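As a plain string of letters, each chain reads:
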Amino acid sequence: MFYYFKGVKVMGKETTIKRIAILTLVLLLGVNGAILAAHGTKVPIVPSINIVGTGEPGSNNGKSSEATFNTPYGIAYSKQLNALIVADTGNHMIRSIDLKTMEVKTIAGLQRGEDRFGLPGGGYVDGDVKRAMFNRPRGVAVAENGAILVADTGNHAIRQIFNGKVSTIAGGKLLGYEDGKGADAKFNTPSALAIDDKNNIYVSDTLNNAIRKIDTGGNVTTYLGKKENTTILNEPAGIFFTADGELLVADSGNHQIKKITGKNKYQLLAGNHSLEDPESGYWIGEYLDGPKEASYFNFPKGVGMKEGTILVADSYNHVIRALDDTRVQTLVGGGIAGEEIDEEYKLYLDGPAGLLYVKDTLFISDRWNNRIVLIPDEGKILDAIGAPRETDGIGAYLDGRAVEFPDVLPLESQGNVLLPLRALAEAWGAEIDWDGENREIRLEKMGNEYLFTFEKEDFVLKESRALSPIELIEKKLPLKVKWLDDENAVFIQSK
């Protein structure tokens, strides 16, 4: 079954959503009604879902129904504290949620005044946790000895909280791209951390388009990626080690999920990018469930695992996705930004950034909702869901979006799959002209012309519509075409 949801277009990084996706999602779940009541939303209460944070930006500690966060990002689990560790980015703090009492505490991080936008100000101070300062930290990880490691994003440093003290492991206040030891190394906006079984630290060095490695001696080296080559990694975000010791990466700017199998060795697992946005220079993300080779994401930020299945915080699609050996499917989210549960029990998210599956619970940092969501793995609440295609005929998908055929549909004839040229051209953004005298079709896009001729059997006519074989479409147009036999669908991508 091929799952299709219309794309979400992001014009640049962290900017306005131009097209919204609609996703049919039915979950028999609920949230803490008191929390949502604070937003004036009447929803049914299903006690198994727990939400920590009122949704209003702030830094209050206390009970889950009273605590506040400010754009929380990365999360990790501390078995020593039996607590969730949260990088509370907008507050420049590292927070904890006691998983027994559900109380929120501040572990480290002071605020200093306001920045030029009127938001809480951060800083860079090592020392006692009561005086230490961070600057928009995004990533956290917990070592075997209980030390909390922090990707201090705005300070371009990797910090450590241990025995009541904050210290810098590598990097420093100045951004850059240099390997070296300790403070001699330089990072640029590090955003996520992971620790291997030998206690080496891996850093998602986001604006250097690289994964860096810090060994136990404090030496920093580049593990994968090149600053100038965004085809390898493009603003990587969340990272996570599998049980086999392979490193998963949310390759955010490429809208892909990759697996690093060794130094400078990687494998693309899922995700394609659409066209390049001329205003921002970023690839445009989309939203498409289905076979992993045909899937699309939109700036995925977090990655984790649940019993062999990869979980993805697909941030700009506002959903949590699941990736197994063959398919991408949606687990949680409404496909559009939101904070409530509707009458169909759809749980809405807004820019989920971090996720973690531990203790039979899925934890989500619901970034722009300023809250942490806890979903226990009970019943069918975390089962993959999706909407089947509306037709049993041949489906066609161009750059992550369904091609609509208003009259004549794609067909299969003598082993060939044929697509209506006009519908494809319009979806591709090309002008199409029919020359009835010579029985020729001309497609024009961005000054380039493409000719299809009836006499050369480039197309056949059906009900006054021209249909062309997909093999010929790939040959004549700058398109990559793949026939997905199990899905009865054509997957097309612009070159």
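Residues numbered from 1 in each chain as written. Predicted model: local features only at pLDDT ≥ 70, side-chain atom pairs only at ≥ 80, totals over all residues. Heavy atoms only, no water.

**Here we look at the packing of aromatic side chains**
Then comes step 1: A complete count under the given rule lists 9 aromatic pairs for this structure.
Then comes step 2: Note on Tyr202 and Phe241: the rings are 5.1 Å apart at their centroids and 75° apart in plane angle, and the pair reads as edge-to-face. One end of the pair, Tyr202, is in strand β15 (residues 201-205); the other, Phe241, is in strand β18 (residues 236-241), and 39 residues separate them in sequence.
Then comes step 3: With relative accessibility at 4%, the residue Tyr202 sits in the buried group.
Then comes step 4: Seen in terms of ring centroids, Trp434 and Phe459 are 6.2 Å apart; in terms of plane orientation they differ by 75°. Their pairing is edge-to-face. Taken as a pair, Trp434 in strand β34 (residues 431-435) and Phe459 in the loop between β36 (448-453) and β37 (460-462) lie far apart in primary sequence, 25 residues in all.
Then comes step 5: Geometry around Phe187 places Arg212 over its ring, the cationic atom sitting 5.0 Å from the centre.
Then comes step 6: Sitting over the face of the ring of Phe297, Arg321 holds its NZ or CZ atom 4.7 Å from the ring centroid. (Phe/Tyr/Trp six-rings, centres within 6.5 Å; stacked < 30°, edge-to-face > 60°. Helix = DSSP H or I, 4+ residues; strand = E, 2+ residues; numbered from the N terminus. Buried < 20%, exposed > 50% of the residue type's maximum accessible area, 1.4 Å probe, protein only. Lys NZ or Arg CZ within 6 Å of the ring centre and 35° of its normal.)

**Digging into the pairing of strand β16 (residues 210-214)**
Then comes step 1: Counting buried positions along β16 gives 4 out of 5 residues, so the element sits mostly inside the fold.
Then comes step 2: Summarising the sheet, β15 and β16 pair through 5 bridges and their orientation is antiparallel. Looking across to β16, one finds that Ser204 is bridged to Ile211.
Then comes step 3: By the bridge criterion, 5 bridges tie β16 to strand β17 (residues 219-225) in an arrangement that is antiparallel. (Pairing = 2+ DSSP bridges.)

**What to know about the sheet that holds β37**
Then comes step 1: If you trace the 4 strands from one edge of the open sheet to the other, you get β32-β33-β38-β37, paired in antiparallel fashion. Because the sheet does not close on itself, it has two edges, and the strands there are β32 (411-413) and β37. Neighbour-to-neighbour, the strand axes of the sheet open up by a mean angle of 40°, direction not taken into account.
Then comes step 2: Taken together, the 3 bridges between β37 and strand β38 (residues 465-469) define a ladder with antiparallel strand orientation. When the bridges of β38 are listed, Val460 appears paired with Leu467. (Axes fitted to C-alpha atoms, helices over the stretch in contact; angles between N-to-C directions.)

**What about the environment of Ile492?**
Then comes step 1: Considering the arrangement of structural elements, one finds Ile492 in strand β40 (residues 489-494).
Then comes step 2: Each C-alpha atom, one on Ile492 and one on Tyr397, is 5.9 Å from the other, the two residues being 95 residues apart in sequence.
Then comes step 3: With residues near it in sequence (within four places) discarded, Ile492 still touches Tyr296, Tyr397, Leu398, Asp399, Leu419, Leu424, Leu479, Lys480 and Val481. (Contact = heavy atoms within 4.5 Å.)

**What to know about the side chain of Arg159**
Then comes step 1: By secondary structure assignment, the location of Arg159 is in strand β11 (residues 157-162).
Then comes step 2: Of note is the side chain of Arg159, whose polar atom sits 2.6 Å from the side chain of Asp152. (Polar contact = N/O pair within 3.5 Å; in protein donor to acceptor, adjacent residues only side chain to side chain.)

**Brief notes about the sheet that holds strand β4 (residues 72-78)**
Then comes step 1: Strand order in the open sheet made by the 4 strands is β4-β5-β6-β7, with antiparallel pairing throughout. Single-partner strands in this sheet number two, and they are β4 and β7 (104-108). Taking the axes of each pair of neighbouring strands and ignoring which way they run, one obtains an average angle of 30° across the sheet.
Then comes step 2: Relative to strand β6 (residues 93-98), strand β5 (residues 83-88) is paired through 6 bridges, and the arrangement is antiparallel. Bridging across to β6, Asp88 finds its partner in Met93.

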